[in-house]
Amino acid sequence: MAGYMVCWPQDRWKEIKKAGDAGPIKVVYGSIHARMPTIASVKVGDVVFPVTYMQKHLYVLARLPVTHRERAFDYCMRELGSQHGALIPEGIVVKQTETFYWSWDCKSYNCAEAVPEGLQVVTQEEKPHLEHQNPFNCCSQWAVWGEEGSSIEPRQLPDQVLPELRFGYPKSKEKPLKFTPNGSVLSSSLTATRRMSEETLEIFEDLFR
């Protein structure tokens, strides 16, 4: 089992809080953009910890043991009933309105008759879901999910342990977070999905015991 840290930007955390979404956490997405970085390295059996950074403090928002990994498009269509900006797989055409169809290669069609043979047309129908299940960035690629996620709430990591945190694999490549001269964590330390050292994983796990 490996532990991974992913960052939810402050504005994303505020949206979740405003929506009254306290979990339990069901899913974490990865995209092809830095705002919601790739989770391609996360596997079934791993644990993902979304975090956010506010007022010079690092907060762990939730703990998600991963029991499933699939394309974000498949998860969104099944659980949310809509694409929600996930990357459309090859061979799929999404019906977004009565007359608009959008395909995996960014081609559009103004009617069903214009859709080439051999492409599967998928119709969207929104389903009830929690706010955190909405991908907060476009081009979602992968979704990791599970049924035993924790509640979603800010749990502050003690400031004194932040310099002790290590990320990377194998052990010879582990690195600490980077800090500005005034003691703030550099954003570049948080804009990637980071695998935790065993010791760092224990520090995160302690918040949920």
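Residues numbered from 1 in each chain as written. Predicted model: local features only at pLDDT ≥ 70, side-chain atom pairs only at ≥ 80, totals over all residues. Heavy atoms only, no water.

Caption draft 1: Highlighting the side chain of Gln-83. Its place among the elements puts Gln-83 in the loop between helix H2 (72-80) and strand S7 (92-95). Within polar-contact distance, the side chain of Gln-83 engages the backbone oxygen of Ala-86 at 2.7 Å. Not counting residues within four places of it along the chain, the set of residues in contact with Gln-83 comprises Phe-73, Cys-76, Met-77, Ile-88, Val-94, Gln-96 and Gln-124. (Helix = DSSP H or I, 4+ residues; strand = E, 2+ residues; numbered from the N terminus. Polar contact = N/O pair within 3.5 Å; in protein donor to acceptor, adjacent residues only side chain to side chain. Contact = heavy atoms within 4.5 Å.)

Caption draft 2: Summary view of the sheet that holds strand S2 (residues 27-31). Spatial ordering of the open sheet is given by S2-S11-S6, a layout of three strands whose pairing is antiparallel. A strand with exactly one partner marks an edge of an open sheet, and here the two such strands are S2 and strand S6 (68-71). Adjacent strand axes in the sheet meet at a mean angle of 20° when their direction is disregarded. As paired strands, S2 and strand S11 (residues 140-145) are joined by five bridges and run antiparallel to one another. For Tyr-29, the partnering residue across the bridge sits in S11 and is Ala-143. Contacts from H2 reach S2, S6 and S11 within the one sheet, and its direction differs from that of S6 by about 100°. (Pairing = 2+ DSSP bridges. Axes fitted to C-alpha atoms, helices over the stretch in contact; angles between N-to-C directions.)

Caption draft 3: Here's a closer look at the packing of aromatic side chains. Per the stated rule, a full pass over the model turns up four aromatic pairs. Taking the centre distance of 5.4 Å and the plane angle of 65° together, the rings of Phe-49 and Phe-204 count as edge-to-face. Linking Phe-49 in strand S3 (residues 47-54) with Phe-204 in helix H3 (residues 198-206), this pair joins segments that are 155 residues apart in sequence. For the pair formed by Phe-49 and Phe-204, the shared burial category is buried. Their ring planes at 50° and their centres at 5.9 Å tell us that Tyr-75 and Trp-145 sit as a pair that is tilted. Taken together, the positions of Tyr-75 in helix H2 and Trp-145 in strand S11 put the pair 70 residues apart, joining distant regions of the chain. (Phe/Tyr/Trp six-rings, centres within 6.5 Å; stacked < 30°, edge-to-face > 60°. Buried < 20%, exposed > 50% of the residue type's maximum accessible area, 1.4 Å probe, protein only.)

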